[in-house]
Amino acid sequence: MPASPLIQNIELFLDDKPSVYALRQKAGSILKKIGFPAPKNEAWKYENLTALLNHNFQISTDEHICGHDCCGHSTPQTPFIEIKFCRGKLHIEEYNTPPGLTIMPLPLALYEGEHKQYIFNSFNLEQHPFAALNGMYLEQGLCIQVQKGTHINTPVHIKYNQNNCENLQLNIHNVIIAEKDAAIDIIEEFSSTTPESYFINIVNEIYLKSNAKVTHYKIQKENSQAYHIALNAVKAQNNSSYKQYYLANGAKFSRNENIINLEQPQAQAEIYSAYTAKKDCLTDITTDINHRQPQTFSNQYAKAVLEDNSTAVFQGKIHILPNAVKTSGNQLHKALYLNDNATLNCKPELEIYADDVKCSHGASCGEIDKEQLFYLTSRGIDKQTAIELLTSAHLNEIIALIPNGQIKELFTV
């Protein structure tokens, strides 16, 4: 594997604990074996990773927790349980958690050892080199667990603040466990208002036991110099439900990848994405849903707006195993071009090895409706504002599907 400055030899918290050190060594060995994606790698063939792999993004040597007030404290008026990461470090704060909900820093969970079984167990690490890179620096993150039969009515809001992160590499690994008959809403919000270049590398391992429900909201609004790679790996048991609502609006390079395994009958997954590919930026949504058992259901619906000289990638795969009969899997992608110089790489895939299934995929692209644009401008609205209204309307079809009104307010296009 060619050397990359992303791989660094540094001392981490809990390196002296054999079980944690073994996890890091395992990830490092796998990355050394498989290497970073090359241009011929099918899953990454639309991305040019040269700039990222050659950039000298440094691992922060600060304390493994954030003990200062740079990202503020939660207020009593907030409708959410707020958790903050500042410069990739978990912010020290008391969480007002209801009964049945445990929120624990990942280092503590690893130290106690009871959650080790959930690390690298929801996906094949050998197929995901950036997750292996994340594992090499396994330190930052959360373990969120909802006890059996508990419905958490207050959403958990995880805020990632990347201000003042010039040339930093931020690796964060979260584990979310919803026990039998449990339910929770998780919000991830990524933001940066200062123009530094940084690389944030996120892995979420999400486990849904029987009849569990997890609704996952992700808002990504980062500056035009940022690099963002995220892997959401889900294992869903009998009659469980995973839903994801994703809004992307920013970052020089972003990739949001979902690996979802519907492990038992009647498990279901729904992915709804609204994204804007900004000028000179690349936005990638990649999803692989594996129907492993009968009577499972999945739906993917994405809407995109492509600005001048932007690149968008949508790779949506539905894989139905031989015994997954009476299964339904659907995907649809709709794109709106604002300029002829934009590029869309759309690759829907169906792999069906069972009879008696219902599957569909579709994709469409087009320009702004000239009649609609003329109508707005003829009413005294300037052309740029009219374009913004029409593109917002295009994306808001996805946002309108969000069931929680307070969360919906966070999804501003």
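Predicted model only: the values in this text are computed from it and were never measured.

Points about the overall build of the protein chain
No. 1: On a plain count of helices and strands, the protein chain comes out with 7 helices and 21 strands.
No. 2: A compact globule built from 413 residues would reach a C-alpha radius of gyration of about 22 Å, and the protein chain, at 21 Å, matches this within 12%.
No. 3: Over its C-alpha atoms, taken along the principal directions, the protein chain stretches across nearly 65 × 50 × 50 Å.
No. 4: Per-residue burial for the protein chain yields a buried fraction of 55% across its 413 residues.
No. 5: Residue pairs at least 24 apart in sequence account for 85% of intrachain contacts in the protein chain once pairs closer than 6 positions are excluded.
No. 6: Total accessible area computed for the protein chain in this model is approximately 17,400 Å², and 47% of it derives from carbon and sulfur atoms.
No. 7: Treating the 35 positive side-chain charges of the protein chain as one cloud and the 44 negative ones as another, the clouds have centres 5 Å apart.

Details of the nonpolar core
No. 1: Of all hydrophobic cores here, the largest spans 44 residues; its most connected members are L6, L52, F130, L133 and F199.
No. 2: Broken down by secondary-structure element, the contributors of at least two residues to this core are helix 1 (18-34), helix 2 (50-54), helix 3 (106-112), helix 4 (129-136), strand 8 (168-178), strand 10 (199-208), strand 12 (227-236) and strand 14 (253-262).
No. 3: Every residue in contact with L6, bar those within four places of it in the chain, is listed here: F36, L52, L53, H55, F57, F130, L133, Y137, Q169 and F199.
No. 4: Formed by 43 residues, the second largest nonpolar core is a distinct cluster that contains V156, I176, Y198 and Y242.

Considering the layout of surface pockets
No. 1: Approximately 590 Å³ is the volume found for the largest pocket.
No. 2: What lines the largest pocket is a set of 30 residues, and nearest its centre among them are A43, Q127, H128, E257 and D288.
No. 3: For the lining of the largest pocket, the secondary structure elements donating two or more residues are strand 14, strand 16 (282-291), strand 18 (311-320) and strand 20 (343-352).
No. 4: Counting residues per element, the lining of the largest pocket draws most heavily on strand 14, at 5 residues.
No. 5: Lining the second largest pocket we find 22 residues, and of these V305, L338, I368, I387 and T391 sit closest to its centre.
No. 6: Taken together, the elements giving at least two residues each to the lining of the second largest pocket come down to helix 5 (370-378) and helix 6 (383-399).
No. 7: With 7 residues, helix 6 is the single largest residue contributor to the lining of the second largest pocket.

Here we look at the pattern of salt bridges
No. 1: Within the structure shown, the criterion is met by 18 salt bridges.
No. 2: The partner of E42 in a salt bridge is K347, and the shortest N-O contact between them spans 3.0 Å. Of this pair, E42 sits in the loop between helix 1 and helix 2 while K347 is found in strand 20, placing the two residues 305 residues apart along the sequence.
No. 3: Assessed through its relative accessible area of 44%, E42 is described here as partly exposed.
No. 4: Note on K347: relative accessible area 13%, which makes it buried.
No. 5: A salt bridge links E139 to K89; the nearest nitrogen and oxygen atoms lie 3.8 Å apart. Of this pair, E139 sits in the loop between helix 4 and strand 6 (142-146) while K89 sits in strand 4 (residues 89-91), and the two are 50 residues apart along the sequence.

Overview of empty space enclosed by the protein
No. 1: In total, this model carries 3 cavities of 30 Å³ or more according to the counting rule given.
No. 2: The computed volume of the largest cavity comes to approximately 100 Å³.
No. 3: Sort the elements by how many residues they give to the lining of the largest cavity and strand 8 lands first, with 3 residues.
No. 4: A breakdown of the residues in the lining of the largest cavity according to their chemical character gives 4 nonpolar, 5 polar and 3 charged.
No. 5: Reported here for the second largest cavity is a volume of approximately 70 Å³.
No. 6: Lining the second largest cavity, in full, are W44, H128, P129, F130, A131, N201, I202, V203, I229, A230, L231 and E257.
No. 7: Looking at the lining of the second largest cavity, the elements with two or more residues in it are helix 4, strand 10 and strand 12.

Some remarks on the environment of T154
No. 1: Tracing the backbone shows T154 in the loop between strand 6 and strand 7 (156-161).
No. 2: Classification of T154 as partly exposed rests on a relative accessible area of 30%.
No. 3: Taking the C-alpha atoms as reference points, T154 and N330, 176 residues apart in sequence, are found 31 Å from one another.
No. 4: Setting aside chain neighbours within four positions, we find T154 in contact with P79, F80 and I81.

Structural notes on helix 6
Structurally, the α-helix is built with 3.6 residues per turn, so residues lying three or four positions apart point the same way.
No. 1: For helix 6, which comprises 17 residues, the first-to-last C-alpha distance of 24 Å matches the rise-based estimate of 24 Å (1.5 Å per residue) to within 8%.
No. 2: Within the span of helix 6, buried status applies to A386, I387, L390, T391, H394, L395, I398 and I399.
No. 3: In this fold, the buried residues of helix 6 make contact with strand 15 (268-277), strand 17 (297-306), strand 19 (328-337), helix 5 and helix 7 (405-408).

Focus on the pairing of strand 6
No. 1: In terms of burial, strand 6 is largely enclosed, as 5 of its 5 residues are buried.
No. 2: In strand 6, alternate side chains face the same way, and those of L142, I144 and V146 on one face and C143 and Q145 on the other are all buried.
No. 3: As judged from the 5 bridges shared by strand 5 (residues 101-105) and strand 6, these two strands associate in the antiparallel manner. If you follow P105 over to strand 6, its bridge partner there is L142.

Some words on the packing of aromatic side chains
No. 1: What the rule picks out here adds up to 12 aromatic pairs.
No. 2: When the centroid spacing of 6.1 Å and the interplanar angle of 80° are considered together, the rings of F130 and F199 count as edge-to-face. With a gap of 69 residues between them, F130 in helix 4 and F199 in strand 10 connect regions that are remote in the sequence.
No. 3: Connected via pairs of aromatic rings, a cluster forms that spans F36, W44, F57, F130, F199, Y227 and F253.
No. 4: Its guanidinium or amino end placed over the ring of Y111, K17 lies 5.1 Å from that ring's centre, counting from NZ or CZ.
No. 5: The ring of W44 has R255 lying over it, and the distance from NZ or CZ to the ring centre is 3.6 Å.

What counts, and at which threshold
- Residues numbered from 1 in each chain as written.
- Predicted model: local features only at pLDDT ≥ 70, side-chain atom pairs only at ≥ 80, totals over all residues.
- Heavy atoms only, no water.
- Helix = DSSP H or I, 4+ residues; strand = E, 2+ residues; numbered from the N terminus.
- Rg over C-alpha atoms; globule rule 2.2 N^0.38 Å.
- Buried < 20%, exposed > 50% of the residue type's maximum accessible area, 1.4 Å probe, protein only.
- Contact = heavy atoms within 4.5 Å.
- Areas by Shrake-Rupley, 256 points an atom, 1.4 Å probe, with all protein chains shown as cover.
- Lys, Arg positive; Asp, Glu negative; His and termini not counted.
- Charge placed at Lys NZ, Arg CZ, Asp CG, Glu CD.
- Core = buried A, V, L, I, M, F, W, Y, C linked by side-chain atoms within 4.5 Å.
- 1 Å grid on protein atoms, 1.4 Å probe; cavity = no way out; pocket = protein on both sides within 12 Å on 5 of 7 lines; lining within 4 Å.
- Points joined across faces, edges and corners; volume = space filled by probe spheres on them.
- Salt bridge = Lys/Arg side-chain N within 4 Å of Asp/Glu carboxyl O.
- Nonpolar A, V, L, I, M, F, W, Y, C, P; charged D, E, K, R; others polar.
- Expected span 1.5 Å × (residues − 1).
- Pairing = 2+ DSSP bridges.
- Phe/Tyr/Trp six-rings, centres within 6.5 Å; stacked < 30°, edge-to-face > 60°.
- Lys NZ or Arg CZ within 6 Å of the ring centre and 35° of its normal.

So yeah, pure geometry; function would need other evidence.
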